[in-house]
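# Structural features, examined
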Amino acid sequence: MSYESTVPRRLVHRAAVSEVLLTSWHRTGDDAFVCGAQWPAGHRLYAPAGNAFDTLVIIETVRQAGILVSHEGYGIPRHNPFIMQRLRWRREAALLRGSDSPFNSAVTVRIADARVRPGGTAAIRFEFEVHRGRRCLATATGWARCVTPATYQRLRWGDRTPGSTRPRPLAAAEPTAVGRADPRDVVVALPDGDHGAELRVPADHPVFFDHPLDHVPGMMIYEAMRQAASLAAKRPLSMVGGTADFTYFIDIDQPCHVTTTFETGGEALEAAVQFTQNGRVAANGSVTLAER
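These notes cover the structure that comes with them. (Residues numbered from 1 in each chain as written. Predicted model: local features only at pLDDT ≥ 70, side-chain atom pairs only at ≥ 80, totals over all residues. Heavy atoms only, no water.)

### Side note on the pattern of salt bridges
Applying the stated criterion to the full structure yields 16 salt bridges. With a shortest N-O distance of 3.4 Å, Asp54 and Arg180 are connected by a salt bridge. Remark: Arg180 occurs in the loop between α2 (149-157) and β8 (188-189) and Asp54 occurs in the loop between β3 (32-39) and α1 (56-74); sequence separation between them is 126 residues. We note that Asp54, like Arg180, is buried. Linking Arg90 and Glu92 is a salt bridge whose minimum nitrogen-to-oxygen distance equals 2.8 Å. Judged by its relative accessible area of 49%, Arg90 falls in the partly exposed class. On the accessibility criterion, Glu92 (35% relative accessible area) is partly exposed. (Salt bridge = Lys/Arg side-chain N within 4 Å of Asp/Glu carboxyl O. Helix = DSSP H or I, 4+ residues; strand = E, 2+ residues; numbered from the N terminus. Buried < 20%, exposed > 50% of the residue type's maximum accessible area, 1.4 Å probe, protein only.)

### Focus on the packing of α1 against helix α3 (residues 218-233)
Interhelical geometry of α1 versus α3 gives an angle of 160° and a closest axis separation of 10 Å. Taken together, the axes of α1 and α3 are roughly antiparallel relative to one another. Judged by the sense of rotation from one axis to the other, the crossing of α1 with α3 is right-handed. Facing Leu56, Ile59, Glu60 and Arg63 of α1, the residues of α3 in contact are Met219, Tyr222 and Glu223. Of the residues that constitute the contact of α1 with α3, the class distribution is 4 nonpolar, no polar and 3 charged. (Axes fitted to C-alpha atoms, helices over the stretch in contact; angles between N-to-C directions. Parallel < 35°, antiparallel > 145°, perpendicular 65-115°, else oblique. Left-handed = near helix turned anticlockwise from the far one by under 90°. Contact = heavy atoms within 4.5 Å. Nonpolar A, V, L, I, M, F, W, Y, C, P; charged D, E, K, R; others polar.)

Structure representation (structure tokens):
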């Protein structure tokens with residue numbers, strides 16, 4: 001695959017106001033890249049308390065890095081939608097903030113498998129490592145598809161009429177029970193029964209919905225996995241790793257039930273989480289949890 005230059009490209013970026021975390025990128029090989037990243041010290045969602053960033057920042061950083069190198073490194077048109085299929089990640093070191101200044105890191109991206117077709121459609125497997133200096137902070141593997149707008153509409157809706165992007169009004173679970181201070185960041189609600197939780201969609205959330213979407217984003221699904229596990233465990237927990245498979249789009253305006261099952265036998269606390277909507281499993285996975 002040809003490319004123009006290995007000189008780092010700077011991105012227009014203002015960390016204090018933008019949800020874009022990447023600052024630069026350059027190619028280091030035929031299928032290898034490095035992206036610069038900056039995590040704002042005062043971010044409302046990723047640094048909610050204490051001196052450590054929330055691990056959601058790992059997921060968002062690698063998500064952005066994968067999209068960036070696909071567009072810039074492989075010429076995939078910017079108007080072609082990405083569909084996340086699976087993401088597996090693990091924190092390798094504490095994400096300590098250390099000061100009030102922004103936190104700079106680097107993301108190495110290796111394209112383990114890329115099938116790019118005419119029109120900018122693609123199936124790509126990414127391997128990520130997030131570093132600060134010589135310390136590896138996290139690793140991740142992601143599988144994604146990139147399709148044309150027409151194909152996206154067919155995959156998204158088929159013969160159905162597009163649904164509403166107005167979410168069902170649901171009362172948020174108690175924020176402190178799921179490790180959040182602001183009720184606007186709570187993405188689960190208590191169901192009528194005693195088991196599981198209901199997915200709560202804050203469609204006006206400035207981070208989860210920083211651009212128009214016709215479905216629940218994968219970032220929010222991961223946070224819902226942690227919050228649902230916290231409700232089931234009856235104490236707030238943090239994530240240190242996880243895997244999620246996104247089988248179907250989750251509609252914003254339809255009920256979605258979340259069930260959590262804790263797995264025993266290992267040293268770490270593991271929880272299997274499943275999202276069921278319209279009688280089918282739309283997403284499922286597992287998270288490795290730690291005490292806050």
